[in-house]
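Inside the fold
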Amino acid sequence: MLEALFVLGIMASLLILLSLPTWVGFTNLVMAALACLAIGFGVGGLAALVYHYLLFKLLRERALPATRWWVDPRPLHKHFPLDVQKRLNILFVTGALGCGLCFLGCALFLSASL
């Protein structure tokens, strides 16, 4: 059942992407895509850089193993005090939201080009 909902969600998303240029217009769609990409790269990219730098620095300070820390860094948060964990989580979520905005901007560009 869950797989069927997943497929229906993908099909609905594709239909929406195909019909967006007629609803919104090409220029507005491109401007929205540019805004999503600018905010996503600006805020999310900066947060991701600060997050990874801070995490790597904290791992080195505590002599924790840093093997493949960039693949899934969330389990490493438990090695730090709660105030550091909160700061890392805020940066992590901000970076993830920026990445999502970049994906949305790319999808809007794709929609405008169809």
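In what follows, the structure referred to is the one given above.
Residues numbered from 1 in each chain as written. Predicted model: local features only at pLDDT ≥ 70, side-chain atom pairs only at ≥ 80, totals over all residues. Heavy atoms only, no water.

What follows concerns the overall build of the protein chain. Scanning the protein chain from terminus to terminus reveals three helices and zero strands. Expected size for 114 residues packed as a compact globule is a radius of gyration near 13 Å; at 19 Å, the protein chain overshoots this value by more than 25%. C-alpha extents for the protein chain along the principal axes are approximately 55 × 35 × 25 Å. Burial statistics for the protein chain: of 114 residues in total, 30% are counted as buried. Residue pairs at least 24 apart in sequence account for 64% of intrachain contacts in the protein chain once pairs closer than 6 positions are excluded. Within the structure as shown, the protein chain displays about 7,900 Å² of accessible surface, and the carbon and sulfur contribution to it stands at 76%. Charged side chains in the protein chain number 8 positive and 4 negative. The centres of these two groups are separated by 7 Å. (Helix = DSSP H or I, 4+ residues; strand = E, 2+ residues; numbered from the N terminus. Rg over C-alpha atoms; globule rule 2.2 N^0.38 Å. Buried < 20%, exposed > 50% of the residue type's maximum accessible area, 1.4 Å probe, protein only. Contact = heavy atoms within 4.5 Å. Areas by Shrake-Rupley, 256 points an atom, 1.4 Å probe, with all protein chains shown as cover. Lys, Arg positive; Asp, Glu negative; His and termini not counted. Charge placed at Lys NZ, Arg CZ, Asp CG, Glu CD.)

Here Gln-85 shows up in helix H3 (residues 82-113). Residue class for Gln-85 comes out buried when judged on its relative accessible area of 18%. Side-chain polar atoms of Gln-85 contact the backbone oxygen of His-77, separated by 3.0 Å. Non-local contacts of Gln-85, meaning those with residues more than four positions away in its chain, are made with His-77, Lys-78 and Phe-80. (Polar contact = N/O pair within 3.5 Å; in protein donor to acceptor, adjacent residues only side chain to side chain.)

On inspection of all chains with the given rule, the structure shows one salt bridge. Two residues, Arg-62 and Glu-61, come together in a salt bridge whose shortest N-O distance is 3.9 Å. Residue classification places Arg-62 among the partly exposed positions, given a relative accessible area of 34%. (Salt bridge = Lys/Arg side-chain N within 4 Å of Asp/Glu carboxyl O.)

Tracing the backbone shows Val-93 in helix H3. C-alpha of Val-93 to C-alpha of Asn-28: the two residues are 65 residues apart in sequence and 28 Å apart in space.

Another aspect to go through is the packing of helix H1 (residues 2-24) against helix H2 (residues 26-61). At a minimum axis separation of 7 Å, H1 and H2 run at an interaxial angle of 115°. Between H1 and H2, the contacting residues are Leu-20, Pro-21 and Val-24 on the first element and Phe-26, Asn-28 and Leu-29 on the second. Of the residues belonging to the contact of H1 with H2, the class tally is five nonpolar, one polar and no charged. (Axes fitted to C-alpha atoms, helices over the stretch in contact; angles between N-to-C directions. Nonpolar A, V, L, I, M, F, W, Y, C, P; charged D, E, K, R; others polar.)

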